[in-house]
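Here is how the chains run, residue by residue.
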Amino acid sequence: MFDEGKAKRTVDFINCLKHTKGKWRGQPFELLPWQETVIRDVFGTVKENGYRQYNTAYVEIPKKNGKSELAAGVALYMTCGDNEWGAEVYGCASDRQQASIVFDVAVDMVEQCPALKKRIKPVMSVKRLVYKPTNSFYQVLSAEAYTKHGLNVHAVIFDELHSQPNRELFDVMTKGSGDARTQPLFFLITTAGTDRHSVCFEQHQKAEDILQGRKIDPTFYPVIYGASDDADWSSEDVWRKANPSLGHTIDIEKVRNAYLSAKDNPAEENIFRQLRLNQWVKQSTRWMQMEKWDACAFPVDEGGLLGREMMGLVDSFGRMDVNGYMLLGRLYLCLSHMVSKQPPKGVAAQEYVGRALDFIHNNFGYDMGVAEIARTVGIHRTYLYRIFMEQLGQSPKDYLTEVRLEKAAEMLGGTGLSVTEIALSCGFREVSLFDRHFRGRYGCAPLKYRRMAAGCPARPLDC
């Protein structure tokens, strides 16, 4: 059954709230079509007794499509507008800081709504909003599952479910904790992840099964926006299909710039696929683009390998892999050249420098050092250092760092990736190390550089 009055009441409540970020701050939160569809379906679909049919809503969508703002609106409605006395609404995530993202949006929404502001008491020391007329509250929880037993849950807002390290907190908050309520709601929002053994992928598969008619669960409401695994990730039509808020909360130019940055960098490709297209990838960074791997498929004359020296390679599995064994014919570079401090005869130093530069520019996003560059080129690192100093006036390590910093500066000005994502994509193992090198190279912090590149005035906190 569908109750138009209940659906409209929820939509009207959320539309009375206001946006909290950037140029949208202070403007009425008018639900986008996809958001309104979710709200109307979840809150308007009822059972014969008039209570909500859905107790779980799974919303999987790429980043920056407005899911945090939608979740904040749902949290406030479940706290203040659902006519539940003593409602307990909890915000959960992989850590308290992540869970606070939705909570902080809700706090700002309350500050901009006089009707709610005079009825809600914020207790910021424990991240709680208390709705005094019904003695209800919305509170952020820490991630320790063992402390959450015994809660009388009316609603749970689970942010970025894919980041959960295990299923303990999810099970504690969703299995039986709302049995004493007449119509509890578990609102799960997330972007695609990388772990196909996680509780999030379990929910993703359930959502897909329901959408495709393979499974029936009248209490589970599934929403998945994303590109299929075989979709053309360079197509703007695919981008629009995966991002229903494109043109509203997301500028198409930002997506184009992110694609151009990822097109020739395997380390960024999977980040683009995961965060921009909502594809479940097998790792956050990719070692090689698959089209380049496929291009290596060529016929081999096995008879021609008889009598030739071979190398045996073993790849043993860790958690999500298979054992592999392979025999490779010896390459044109003999093993002695890989360890000798003297260069092979007949190869000019310029050629080795050129090979090293090509390798650095194509692989700067990986965690590598001078020794790996030297091995790839086929010379000892001591000789590589000497010819770099002679021809470029700087060491291979300094050149690699400079390339990484230039690429990071380009991404800061042309993508919407966070500083952490950019640092990892450019090969820095620690954000603090990236920040120190960036300040030394450009004279300011990455955030300040981004704001200046966008033509915005720097803020004190950016420094």
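Remember, it's a predicted structure, so these values are computed and weren't measured experimentally.

How should the overall build of the protein chain be read in this particular structure?
Of regular secondary structure, the protein chain possesses 19 helices and 10 strands. Per-residue burial over the protein chain gives 47% buried out of 463 residues. For the protein chain, the proportion of contacts with a sequence separation of at least 24, taken over those separated by at least 6, is 66%. Surface exposure of the protein chain reaches about 23800 Å², of which carbon and sulfur atoms provide 52%.

When you look at empty space enclosed by the protein in this model, what are you seeing that I'm missing?
The probe, sized like a water molecule, is rolled over the atoms to show the empty space still left. For the structure on display, the rule yields 1 cavity of 30 Å³ or more. In this structure, the largest cavity is lined by Ala258, Ala262, Glu268, Ile271, Phe272, Arg276 and Leu417. Elements with a contribution of two residues or more to the lining of the largest cavity: helix H9 (252-263) and helix H10 (266-277). The greatest single-element share of the lining of the largest cavity, amounting to 4 residues, is contributed by H10.

Just to check I follow, could you spell out the pairing of strand S1 (residues 56-60) for this structure?
The side chains of a regular strand alternate between the sheet's two faces. With respect to burial, S1 is a largely interior element, 5 of its 5 residues being buried. Neither face of S1 is exposed, since Thr56, Tyr58 and Glu60 on one face and Ala57 and Val59 on the opposite face are all buried. Sheet analysis places S1 next to strand S7 (residues 185-190), joined by 5 bridges and oriented parallel. Paired with valine 59 across the strands is isoleucine 189, a residue of S7. In this structure, S1 lies alongside strand S8 (residues 220-224), joined through 5 bridges in parallel fashion.

Before we go on, may I ask you to explain the confidence of the model for the protein chain in this structure?
Caution is warranted with low-pLDDT regions, since their predicted coordinates should not be read in detail. For the protein chain, mean pLDDT is 85; residues scoring 70 or higher make up 84% of the total. Low pLDDT, under 50, characterises residues 330-341; the stretch is placed with 17 contacts to residues that sit more than four places away or in other chains.

Sorry, what's going on with the sheet that holds strand S3 (residues 120-123) here?
In a beta sheet, neighbouring strands are held together by backbone hydrogen bonds and run either parallel or antiparallel to one another. Reading across the sheet, the 8 strands line up as S3-S4-S5-S2-S6-S7-S1-S8 and stay open at both edges, with mixed pairing between neighbours. Of all the strands in the sheet, the pair left with one neighbour each is S3 and S8. Mean inter-strand twist for the sheet, computed between neighbouring axes without regard to direction, equals 10°. Summarising the sheet, strand S6 (residues 155-159) and S7 pair through 5 bridges and their orientation is parallel. Looking across to S7, one finds that aspartate 159 is bridged to isoleucine 189. Each of S1, S7 and S8 is contacted by helix H2 (residues 33-44), which is oriented at about 170° to S8, the strand it contacts most. Contacting S1, S7 and S8, helix H7 (residues 199-211) crosses the sheet at an angle of about 95° to S8.

Sorry, what's going on with the side chain of asparagine 278 here?
With respect to the helices and strands, asparagine 278 occurs in the loop between H10 and helix H11 (290-294). Here alanine 192 takes part through its backbone nitrogen, which lies 2.7 Å from a polar atom of the side chain of asparagine 278. Residue contacts for asparagine 278: discarding those within four places in its chain leaves Glu60, Ile61, Pro62, Thr191, Ala192, Ile224, Tyr225, Gly226 and Arg273.

Before we go on, may I ask you to explain helix H1 (residues 4-15) in this structure?
Count 3.6 residues to each turn of an α-helix, and residues three or four apart come out pointing the same way. Between its first and last C-alpha, H1 extends 16 Å over 12 residues, near the 16 Å set by a 1.5 Å rise per residue. The opening residue of H1 is aspartate 3, an N-cap whose side-chain oxygen sits 3.0 Å from the backbone nitrogen of glycine 5.

In this structure, what is going on with the nonpolar core? I would like to understand it.
A general feature of soluble globular proteins is that nonpolar side chains tend to end up buried together. Leu129 and Phe187 are the most contacted members of the largest nonpolar core, which has 49 residues in total. A total of 9 residues in this core trace back to one element, the largest contributor, which is helix H3 (residues 67-80). The residues contacting phenylalanine 187, other than those within four sequence positions of it, are Val38, Ala57, Val59, Leu70, Ala71, Val74, Val156, Ile157 and Phe158. By size, the runner-up hydrophobic cluster in this structure holds 35 residues, among which are Leu357, Ile379, Ile387 and Leu400.

Whenever I open this one, the pattern of salt bridges confuses me. Can you help?
Note on pairing: side chains with opposite charge can pair once their charged atoms come close. Tallied over the full model, the rule gives 22 salt bridges. The closest approach of N and O atoms between glutamate 421 and lysine 63, which form a salt bridge, is 3.7 Å. Residue glutamate 421 is found in helix H17 (residues 419-425), and its partner lysine 63 is found in the loop between S1 and H3; the two are separated by 358 residues along the sequence. Assessed through its relative accessible area of 12%, lysine 63 is described here as buried. Put simply, Arg167, Asp171 and Glu202 are held in one network by salt bridges that share partners.

So what exactly am I meant to see when it comes to the packing of H1 against H2 here?
Each pair of packed helices can be described by the angle between their axes along with the distance between the axes. Two numbers describe how H1 lies on H2: the axes approach to 8 Å, and their chain directions differ by 135°. Here H2 runs oblique to H1, going by the angle between their axes. As for how H1 packs across H2, the hand of that crossing is right-handed. Contacts from Glu4, Lys6, Ala7, Thr10, Val11 and Ile14 of H1 reach H2 at Glu36, Ile39, Arg40, Phe43 and Gly44. When grouped by side-chain class, the residues that make up the contact of H1 with H2 number 5 nonpolar, 2 polar and 4 charged.

In this structure, what is going on with helix H4 (residues 96-111)? I would like to understand it.
Compared with the 22 Å implied by 1.5 Å per residue over 16 residues, the 22 Å span of H4 between its first and last C-alpha is a close match. Those residues of H4 that sit buried are Ala99, Ser100, Val102, Phe103, Val105, Ala106, Val107, Asp108, Met109 and Val110. A distance of 3.1 Å separates the backbone nitrogen of glutamine 97 from a side-chain oxygen at the start of H4, and that oxygen is part of aspartate 95.

What is the right way to look at unusual backbone geometry in this model?
Note: most residues except glycine have negative phi, and most peptide bonds are trans. For lysine 64, which is not glycine, the phi torsion reads 65° and is therefore positive. As for its placement among the helices and strands, lysine 64 is situated in the loop between S1 and H3. Owing to a relative accessible area of 54%, lysine 64 belongs among the exposed residues under this scheme. For asparagine 83, which is not glycine, the phi torsion reads 55° and is therefore positive. Relative to the helices and strands, asparagine 83 is located in the loop between H3 and strand S2 (88-92).

Analysis parameters
Residues numbered from 1 in each chain as written. Predicted model: local features only at pLDDT ≥ 70, side-chain atom pairs only at ≥ 80, totals over all residues. Heavy atoms only, no water. Helix = DSSP H or I, 4+ residues; strand = E, 2+ residues; numbered from the N terminus. Buried < 20%, exposed > 50% of the residue type's maximum accessible area, 1.4 Å probe, protein only. Contact = heavy atoms within 4.5 Å. Areas by Shrake-Rupley, 256 points an atom, 1.4 Å probe, with all protein chains shown as cover. 1 Å grid on protein atoms, 1.4 Å probe; cavity = no way out; pocket = protein on both sides within 12 Å on 5 of 7 lines; lining within 4 Å. Points joined across faces, edges and corners; volume = space filled by probe spheres on them. Pairing = 2+ DSSP bridges. pLDDT = per-residue confidence, 0-100. Axes fitted to C-alpha atoms, helices over the stretch in contact; angles between N-to-C directions. Polar contact = N/O pair within 3.5 Å; in protein donor to acceptor, adjacent residues only side chain to side chain. Expected span 1.5 Å × (residues − 1). Core = buried A, V, L, I, M, F, W, Y, C linked by side-chain atoms within 4.5 Å. Salt bridge = Lys/Arg side-chain N within 4 Å of Asp/Glu carboxyl O. Parallel < 35°, antiparallel > 145°, perpendicular 65-115°, else oblique. Left-handed = near helix turned anticlockwise from the far one by under 90°. Nonpolar A, V, L, I, M, F, W, Y, C, P; charged D, E, K, R; others polar.

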